[in-house]
Amino acid sequence: MPRARMKELEPIEILSVLDEDGNFDKELAPDIADEKLIAIFRAMAKARLFDERLLNLQRQGKLGTFAPVRGQEAAQVGAVAAIEASDWLVPSFRETAAMLWRGASLEDIFIFTAGYNEGLAIPDDSNDLPTCVPVASQLPHAVGIAYAQKYRQTGSVVMAFFGDGATSEGDFHEALNFAGVFEVPVVFVCQNNQWAISVPRAKQTRAHSLAQKAIAYGFPGIQVDGNDVLAVLKAARDAVTRAREDCLPTLIECVTYRMGVHTTADDPTVYRDEEEVEEWEDRDPIERLRLHMRSRGLLDDKAEDAMAEELKDEIESAWKSARDTMEGLTDPSMMFDHLFAEPTTPLRAQRNAFEALRDDRKAANE
Amino acid sequence: MAIEITMPALSPTMEKGTLAKWLVKEGDTIKSGDVIAEIETDKATMEVEAVDEGTVAKILVAEGSEDVAVGTPIVVIAEEGEDASDVKPAAAPAPAAAPAPKKEEVFEDTPKAPVTSVAVADPAIPAGTKMVSTTVREALRDAMAEEMRKDANVFVMGEEVAEYQGAYKVTQGLLQEFGPDRVIDTPITEHGFAGLGSGAAFAGLKPVIEFMTFNFAMQAIDHIINSSAKTRYMSGGLVSSPIVFRGPNGAAARVGAQHSQNYASWYAHVPGLIVIAPYDAADAKGLLKAAIRNPNPVVFLENELLYGESFDVPDLDDYVLPIGKARVCREGTDVTIVSYSIAVGESLKAADKLAEEGISAEVIDLRTIRPLDIDTVIESVKKTNRCVVAEEGWPTCSVSSEVSAQLMEKAFDWLDAPVTRATNVDVPLPYANNLEKLALLNAGDIVKAAKAVCYKD
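Residues numbered from 1 in each chain as written. Chains lettered and ligands numbered in written order. Predicted model: local features only at pLDDT ≥ 70, side-chain atom pairs only at ≥ 80, totals over all residues. Heavy atoms only, no water.

**Brief notes about the overall build of chain A**
Then step 1. Summing up its helical and strand segments, chain A has twelve helices and eight strands in all.
Then step 2. Viewed in the frame of its principal axes, chain A has a C-alpha envelope of about 85 × 60 × 45 Å.
Then step 3. Expressed as a percentage of the 366 residues in chain A, the buried residues total 51%.
Then step 4. Restricting to contacts in chain A with at least 6 residues of sequence separation, those with at least 24 account for 76%.
Then step 5. Summed over all atoms, the accessible surface of chain A reaches about 17200 Å², with 49% contributed by carbon and sulfur.
Then step 6. For chain A, the distance from the average position of its 40 positive side-chain charges to the average position of its 64 negative side-chain charges is 3 Å. (Helix = DSSP H or I, 4+ residues; strand = E, 2+ residues; numbered from the N terminus. Buried < 20%, exposed > 50% of the residue type's maximum accessible area, 1.4 Å probe, protein only. Contact = heavy atoms within 4.5 Å. Areas by Shrake-Rupley, 256 points an atom, 1.4 Å probe, with all protein chains shown as cover. Lys, Arg positive; Asp, Glu negative; His and termini not counted. Charge placed at Lys NZ, Arg CZ, Asp CG, Glu CD.)

Dropping the structure here:
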């Protein structure tokens, strides 16, 4: 009848590869071709510029509410850079950088942010799910998709994103519990950006880390420096390998920071100190990668300027084409589309009645 | 005075069981708490304990007897001072149990008195088709098994659906035929497996999610409504959500207020969902097959009290019914009774009683709640000019409210009396047996309402 310590559980690792000055640990760094690293830098820079343009258009009243990505570019791009095109991305609502890496078009994101569901349509050749706003509800979906991959033996893995606040939801627990019990190929990527609107990370859980929650579900968890794209990529690759080869889940906690607003409807200056934001500005994920690449001769002023020009042109041209597309999306009857695979009889009747009413109004106004 | 022990009801829905084993013999002395017999129900094997002291005077039902109805005297106990050999049973034992049924009929409960009705041929059944008496439970299982044989994307997931064969034995035999990858026992969280099913459907599988009862699905309603019913719409039509949420709905028998609710109007309120609530076994089979094939999310509401009832099911290789089509299950000329699920049975009984009083009632089974086939109801009302909507559920914001409202809008000029609802009492369902009966809709309520709209009360 002992009273003793339980058998040692798998410890929770922490991982950091790149420091704030761009120096890196060669032993820990993932093996990555120069071209891919340049592509990652470009994707992070593109997400930052696009985010700024979205914010600017939202402030002009041209777009609706959205959740900016500023500060989380490494945590997102580093993670999705570890999965293949045939794998699945299951985003939350702030994964613009991840979605762009996966091939979502700037135009579609503009269209969705302007309020049209057509902008959420997934390209036919992509497996990814659209943005999911109900907090954490995408996590059981990810496990269901992962179950489908296992059942059909596709060899694909699922990568699901969520924030620190989502770990308090029942969905988080249920999804991780099922993933452990069913042993499915899924990678849970927690973007611990320190704030759930105005609620700080410390008020979500008394636990020392979010990564350690994996222990309770019987699979590995790791905490990485989420502003260090090399660390995120390394941890994600390990998790993807575990998912693909052993059909086992992993929880990755990316410690990062929401440098901007929660959404465009939020003003963080009322609940957090500017000093805290400044501290994290010093750990800006794009700047760290920039310094690192410059030190390795992968980037110079000329290349950076050219890249910035190209990205700006790309964004402006997407906005122009989004506006053209939205011109064609103004038929109000479209609100009756896509509710069912085929419209039901009452839905058809409702649409007809709506159109007749509209015609009557139009006639009355003329 | 001799004490007669009767076949006990070991679960709220048990109607009969097998007397598996006697642990005492005639002449044995027993005391309170002694286990005297083992009884098998459709759910488990349970022990029967003696409550009183005495001597086993006469065993009335032999070991191994199957289908012993609840309430049948099984043993007589002589009290102290009585001569066990003199003791006679107080009443004659129930008639001998029916011969052992075939394996697939093990869970077939005693059918209630058949409801006579003027049959209206369902156009989907060719003339001369052989009809097979089938329980609703078996019909649902057959529907799932047939669709699973046909399409490897179809799988069943829920609590107790695999090893235990379903809390109400609806998934009986599926694990054995299709294996654990397709018949999946889950951890206990409706929210979790409804969400997991939603995701599996997004990825192209066709999940059939069983809720042990729809009372528990309240925990999962975010995934039914926000995940399943909205994703096609919100993805501009590109992510499909072919999923069926099924399980018993409505009151069972003495399971208390939290386990006795009808959710038809809750789900019927939601654009993007299809809501089906069949009454008989043929509809259960034909509509569940249609639901599994449907590319949209379907809420399929069964009824626990109907699981054991037998109905004719056409012996066809692939019996699939159209979703969104009501059925005139009895023709009449004086009043239309609109109903669905278990209340259809009460409506048919009411129609029989009304016929005795010279009132000819037409009974319509909505079968699908959303999309609602109001046209069939209107056609009937044009003929009868009077309508009662009968629903085993609360009246406020109910399916019967919706039918009434649509008749006001679309058939007002044909009505000779106000559309009237016959429903449960608008309170949480009482647990006490007498109060529960009083609170639930029955045929008498429908008769009363029908006579009122015919101005014949």
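**As for the packing of helix α5 (residues 138–152) of chain A against helix α6 (residues 170–182) of chain A**
Between two packed helices, what matters for the description is the angle formed by their axes and the separation of those axes.
Residues and elements named next belong to chain A.
Then step 1. Contact geometry for α5 and α6: axes closest at 8 Å, N-to-C directions at 20 degrees. Judged on the interaxial angle alone, α6 and α5 are roughly parallel. α6 is crossed by α5, and the crossing has left-handed handedness. Contact residues: L139, P140, V143, Y147 and K150 in α5; D171, F172, A175, F178, A179 and F182 in α6.
Then step 2. Residue composition of the contact of α5 with α6, by class: nine nonpolar, no polar and two charged. (Axes fitted to C-alpha atoms, helices over the stretch in contact; angles between N-to-C directions. Parallel < 35°, antiparallel > 145°, perpendicular 65-115°, else oblique. Left-handed = near helix turned anticlockwise from the far one by under 90°. Nonpolar A, V, L, I, M, F, W, Y, C, P; charged D, E, K, R; others polar.)

**Here we look at the environment of L348 of chain B**
Then step 1. For L348 of chain B, the location among the structural elements is in helix α8 (residues 342–356).
Then step 2. L348 of chain B sits in the buried class, given a relative accessible area of 7%.

**A closer look at the interface of chain A and chain B**
Then step 1. Facing the 35 residues of chain A at the interface are 45 residues of chain B.
Then step 2. Buried area between chain A and chain B, both sides added, is near 3200 Å², and the carbon and sulfur share of it is 69%.
Then step 3. The interface formed by chain A and chain B holds zero salt bridges in total.
Then step 4. Run the count over chain A and chain B and you get 16 residue pairs in polar contact (both at pLDDT 80 or more). (Buried area = accessible area lost by both parts, 1.4 Å probe. Salt bridge = Lys/Arg side-chain N within 4 Å of Asp/Glu carboxyl O. Polar contact = N/O pair within 3.5 Å; in protein donor to acceptor, adjacent residues only side chain to side chain.)

**A word on helix α7 (residues 281–293) of chain B**
Residue and element names in this part refer to chain B.
Then step 1. The terminal C-alpha atoms of α7 lie 18 Å apart, and with 13 residues this matches the ideal 18 Å at 1.5 Å per residue to within 8%.
Then step 2. The element α7 is largely enclosed, with a buried count of twelve among its 13 residues.
Then step 3. Listed in full, the buried residues belonging to α7 are A281, A282, D283, A284, K285, G286, L287, L288, K289, A290, A291 and I292.
Then step 4. At the N-terminal end of α7, a side-chain oxygen is found 3.2 Å from the backbone nitrogen of A282, two or three residues along, and the residue is D280. (Expected span 1.5 Å × (residues − 1).)

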